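Listed below are the residues making up each chain.
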Amino acid sequence: MMAKYPRSKPLWKLYIGPMIMALAVAAFPMIARGDYSYLLDLGRLCGIYVIIVCGLTLLMGYTGQISLGHAGFYALGAYIPAVLISAFHWPLWAAVIGGILGTAVISLLIGSSILRLQGNHLALATLAVGIIIGEGVSKLAITGGADGLFGLPQITLFGLLTRPEVRVLGIKISQGVLQLYFIWAVVVACIVWAVQLIESPGGRSLRAIHGDEQAAESLGINTFALKVKVFVASCVLAAIAGVLFAFVHAEGNLLPEEFGLMMNVQLVMMVVIGGMGSIWGSVAGGVILTVLHEVIALIGSAAGAADTSRIEHLIFGVMLALILILSPSGLIPGLKRATTRIIELRSK
Amino acid sequence: MLEVKNLTKSFGGLRAVDDVSFTIDEGSLTAIIGPNGAGKTTLFNLIAGALPPTGGSVKFMGKILPPSPHKAAKRGIARTFQNVKLFHEMTLLENVMCAWNSGPFLLDSILPKRYRETERLRMKHACYLLEDMGLGADRDTRAGDLPFGKQRLAEIARAMALKPSVLLLDEPAAGLNRTEGASLAKIIRHIVSSGVTVLLVEHDMQLVMNLAERVIVLESGALIADGPPSVVSRDPRVIQAYLGVA
Ligand SMILES: Nc1ncnc2c1ncn2[C@@H]1O[C@H](COP(=O)(O)OP(=O)(O)OP(=O)(O)O)[C@@H](O)[C@H]1O
Ligand SMILES: [Mg+2]
């Protein structure tokens with residue numbers, strides 16, 4: 001008798017998701033009508049957060065190691081190159097590469113000193129790292145303190161991103177749209193890399209660490225080394241997001257508010273909303289929370305409130321608590337379960 | 001091939017393993033028995049590098065084993081756990097494939113074509129290993145959804161995927177029913193006949209007396225008897241140790 005063996009998943013299937021995403025973003029400005037510069041702004045920000053959350057999902061969702069401090073590495077990605085430019089007059093691209101490599105080295109040092117910690121201890125240690133870096137950039141003189149850094153050069157992509165508009169095959173594409181495309185091209189690249197990692201033998205080892213660290217070790221997996229590797233990888237993604245924020249999105253004005261304590265919480269919430277277990281969940285989590293943030297600000301300003309950050313903290317806090325109580329596996333998996341339950345009940 | 005010398009492990013004031021020495025020959029099957037809390041699991045943890053010894057050493061093929069489980073595993077020491085540790089969220093097939101994790105992490109994630117062919121062969125090999133344990137039909141089942149007996153066997157299949165020279169089995173028969181126990185005995189014999197050196201911690205005396213060529217008895221961390229089953233089972237100290245706790 002011939003036994004049948006399972007086939008591995010065909011490789012092209014991995015790329016369907018990223019393709020759809022790329023097409024959706026590409027189509028967005030063609031579908032949107034009226035003055036949508038505000039939506040472009042939001043779309044760019046969504047992309048930046050999705051990159052961070054994608055890395056954080058590899059770390060938290062797949063490897064089971066918590067980090068409450070990734071806003072710190074996001075900040076490093078923005079501030080290291082900004083400081084290299086403003087204080088040391090480095091050229092832009094050298095500064096950007098320096099920023100990403102610098103973040104990699106710093107996260108390697110931090111990761112290898114804290115990743116032996118488990119659970120709550122790791123959570124606290126990473127939170128401390130996030131707070132220290134966040135406070136650092138908002139207090140140090142070299143980072144411009146609370147005033148931030150101004151007049152930073154922008155990534156131009158050989159002049160492509162600085163023109164008011166570009167014509168491709170007779171279609172006019174405005175600067176805002178090009179910036180959106182550029183950011184989301186990076187997002188797609190990061191996601192392609194992440195899904196490839198998850199499918200690879202290394203990705204399986206990450207899930208093994210999440211499943212049972214002792215068992216993973218007993219199978220020859222160097223769990224500590226691997227945890228450090230994903231940690232560094234996730235920090236590099238955060239740094240890339242930081243670069244995009246400072247040198248594409250923020251239009252040359254880098255303020256420390258973006259990297260405060262609340263950002264750490266928000267990033268973790270994006271992961272939790274996405275269900276911690278899938279890259280596509282993290283994309284959804286990133287987009288949902290960024291949009292929610294804007295909606296709260298809009299409603300707030302319509303109601304005449306000057307500062308909505310307090311009420312936003314409250315709403316996010318209550319949301320996080322509710323999700324963790326009602327559906328610890330995350331909001332999206334929870335909703336999925338709930339809808340199947342409702343369908344089941346209806347059909348009875 | 002495995003040389004345990006004056007091995008000692010203390011937890012605070014408690015000597016869980018107390019000055020234990022023995023040598024294991026290649027291809028042999030040795031049982032390690034002893035009442036609850038005698039230090040059997042601790043001894044396994046020391047051999048597998050999961051715990052650093054307080055004193056003494058474990059030599060494997062003439063070299064001291066580093067106190068690191070993944071290094072011990074790479075050197076050819078595989079183990080199962082008393083309280084089965086499968087990756088519950090993965091299928092059995094994936095569980096077994098977790099034993100094959102070498103490869104450059106970053107490069108593999110960038111160029112997925114690199115590992116496709118090896119992964120295909122690995123998948124096939126994993127299927128064979130599961131079939132050997134009679135788990136062929138369950139290969140796509142989530143490990144956490146399987147009954148306990150099958151989980152135990154799957155854990156052995158996963159350990160065998162390391163192609164170990166030494167296999168440490170910590171109470172593999174605990175929680176198995178009679179038929180599963182019988183097939184376990186067959187599986188262990190098969191593993192030994194394939195050249196793997198097996199150390200077996202087990203409370204099921206019938207299984208031990210049936211299978212083992214040699215029995216080592218621990219009591220309160222100390223080695224109190226070492227010899228063929230027929231001799232050890234008549235040793236007055238062994239009888240005393242077991243009656244003492246009964
Ligand atoms: N990590 C630890 N910290 C403190 N004490 C421990 C630790 N591990 C084991 N012990 C103690 O060491 C002694 C030996 O335990 P061990 O688990 O090795 O016994 P065992 O022979 O495997 O018993 P059983 O048959 O119940 O599995 C016990 O008294 C146990 O409480
Ligand atoms: Mg034990």
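These figures come from a predicted structure and were not determined experimentally.

Chemist: Which parts of the structure should I look at to understand the overall build of chain B?
Modeler: Along the backbone of chain B there are 10 helices and 10 strands. Taking 246 residues into account, the globule formula puts the C-alpha radius of gyration at 18 Å, and chain B, at 19 Å, falls close to it. Dimensions of chain B, computed from C-alpha atoms along their principal axes, come out at roughly 60 × 40 × 30 Å. Taking all 246 residues of chain B together, 47% fall into the buried category. Here the analysis covers contacts within chain B between residues at least 6 apart in sequence; of these, 66% occur between residues at least 24 apart.

Chemist: Would you mind going over the sheet that holds strand β10 (residues 222-227) of chain B with me for this structure?
Modeler: Hydrogen bonds along the backbone pair up the strands of a sheet, which may run parallel or antiparallel. All names here are of chain B. The sheet built from 6 strands is open, its strands ordered β6-β7-β8-β3-β9-β10 with mixed pairing. The outermost strands of the open sheet, each flanked by one partner alone, are β6 (77-79) and β10. Adjacent strand axes in the sheet meet at a mean angle of 20 degrees when their direction is disregarded. In the packing of helix α1 (residues 40-47) onto the sheet, the strands contacted are β3 (29-33), β6, β7 (166-170), β8 (197-201) and β9 (214-219), and the crossing angle to β7 comes to about 150 degrees.

Chemist: Hey, could you run me through the packing of helix α4 (residues 92-114) of chain A against helix α9 (residues 223-249) of chain A in this one?
Modeler: Each pair of packed helices can be described by the angle between their axes along with the distance between the axes. All names here are of chain A. Relative orientation of the contacting elements α4 and α9 amounts to 145 degrees, with a least axis distance of 8 Å. The chirality of how α4 crosses α9 is right-handed. Across the interface between the two elements, Val96, Gly99, Ile100, Thr103, Ala104, Ser107, Leu108, Gly111 and Ser112 from α4 touch Val228, Phe231, Val232, Cys235, Val236, Ala239, Ile240, Val243 and Phe247 from α9. When grouped by side-chain class, the residues that make up the contact of α4 with α9 number 13 nonpolar, 5 polar and no charged.

Chemist: I tried to follow the environment of Ile131 of chain A on my own but got confused; where do I start?
Modeler: Relative to the elements of secondary structure, Ile131 of chain A occurs in helix α5 (residues 119-139). Taking the C-alpha atoms as reference points, Ile131 of chain A and Phe259 of chain A, 128 residues apart in sequence, are found 9.2 Å from one another.

Chemist: Whenever I open this one, the sheet that holds strand β2 (residues 14-24) of chain B confuses me. Can you help?
Modeler: Residue and element names in this part refer to chain B. Taken in spatial order, the 4 strands of this open sheet run β2-β1-β4-β5, and their pairing is antiparallel. Only two strands of the sheet have a single partner each, and these edge strands are β2 and β5 (63-64). Contacting β1 (2-11), β2 and β4 (55-60), α1 runs over the sheet at an angle of about 60 degrees to β2.

Chemist: What am I meant to see in the domain arrangement of chain B here?
Modeler: Note on interface size: it is often stated as the accessible area lost on association of the parts. Residue and element names in this part refer to chain B. Along its sequence, chain B is carved into domain 1 (1-76 + 165-246) and domain 2 (89-163). Each of domain 1 and domain 2 has a C-alpha centre, and the two are 26 Å apart. The interface of domain 1 with domain 2 comprises 10 residues on the first partner and 9 residues on the second. For the side of domain 1 that touches domain 2, the leading source of residues is helix α7 (residues 178-193), giving 4 residues. Grouping the amino acids of the side of domain 1 that touches domain 2 by side-chain chemistry returns 6 nonpolar, 3 polar and 1 charged.

Chemist: Just to check I follow, could you spell out the interface of chain B and chain A for this structure?
Modeler: Each side of the interface is counted separately: chain B has 33 residues, and chain A has 26 residues. The greatest single-element share of the side of chain B that touches chain A, amounting to 6 residues, is contributed by helix α5 (residues 113-132) of chain B. Here the side of chain B that touches chain A is built from residues that sort into 18 nonpolar, 5 polar and 10 charged.

Chemist: So what exactly am I meant to see when it comes to the nonpolar core here?
Modeler: Generally speaking, soluble globular proteins have nonpolar side chains that are buried together. Core analysis: the largest hydrophobic core is formed by 176 residues, its most contacted members being Ile51 of chain A together with Ala157 of chain B. With 19 residues, α9 of chain A is the single largest residue contributor to this core. Residues from two domains meet in this core; each of domain 1 (1-76 + 165-246) and domain 2 (89-163) of chain B gives at least three. Setting aside anything within four residues of it in sequence, one finds Ala157 of chain B in contact with Val96, Leu129, Leu130, Asp132, Met133 and Leu135 of chain B.

Chemist: What exactly am I supposed to notice about the site of ligand 1 here?
Modeler: All names here are of chain B. By nearness alone, every residue bordering ligand 1 is listed as Phe11, Leu14, Ala16, Gly34, Asn36, Gly37, Ala38, Gly39, Lys40, Thr41, Thr42 and Gln82. At the level of elements, β2 and α1 are the ones that each hand at least two residues to the shell around ligand 1. Of the residues assigned to the shell around ligand 1, the class counts are 4 nonpolar, 7 polar and 1 charged.

Chemist: Help me understand the environment of Asn101 of chain B, please; the structure alone is not making it clear to me.
Modeler: Its place among the elements puts Asn101 of chain B in the loop between α3 (92-97) and α4 (105-110). Contacts of Asn101 of chain B, omitting those with residues within four sequence positions, involve Pro201, Arg204, Ser205, Leu219, Gly220 and Ile221 of chain A.

Reading the values: the criteria
Residues numbered from 1 in each chain as written. Chains lettered and ligands numbered in written order. Predicted model: local features only at pLDDT ≥ 70, side-chain atom pairs only at ≥ 80, totals over all residues. Helix = DSSP H or I, 4+ residues; strand = E, 2+ residues; numbered from the N terminus. Rg over C-alpha atoms; globule rule 2.2 N^0.38 Å. Buried ≥ 20, exposed ≤ 12 C-beta atoms within 10 Å, placed from the backbone. Contact = placed C-beta atoms within 7 Å. Pairing = 2+ DSSP bridges. Axes fitted to C-alpha atoms, helices over the stretch in contact; angles between N-to-C directions. Left-handed = near helix turned anticlockwise from the far one by under 90°. Nonpolar A, V, L, I, M, F, W, Y, C, P; charged D, E, K, R; others polar. Domains from an automatic or database assignment. Core = buried A, V, L, I, M, F, W, Y, C linked by C-beta atoms within 7 Å. Near = placed C-beta within 6 Å.

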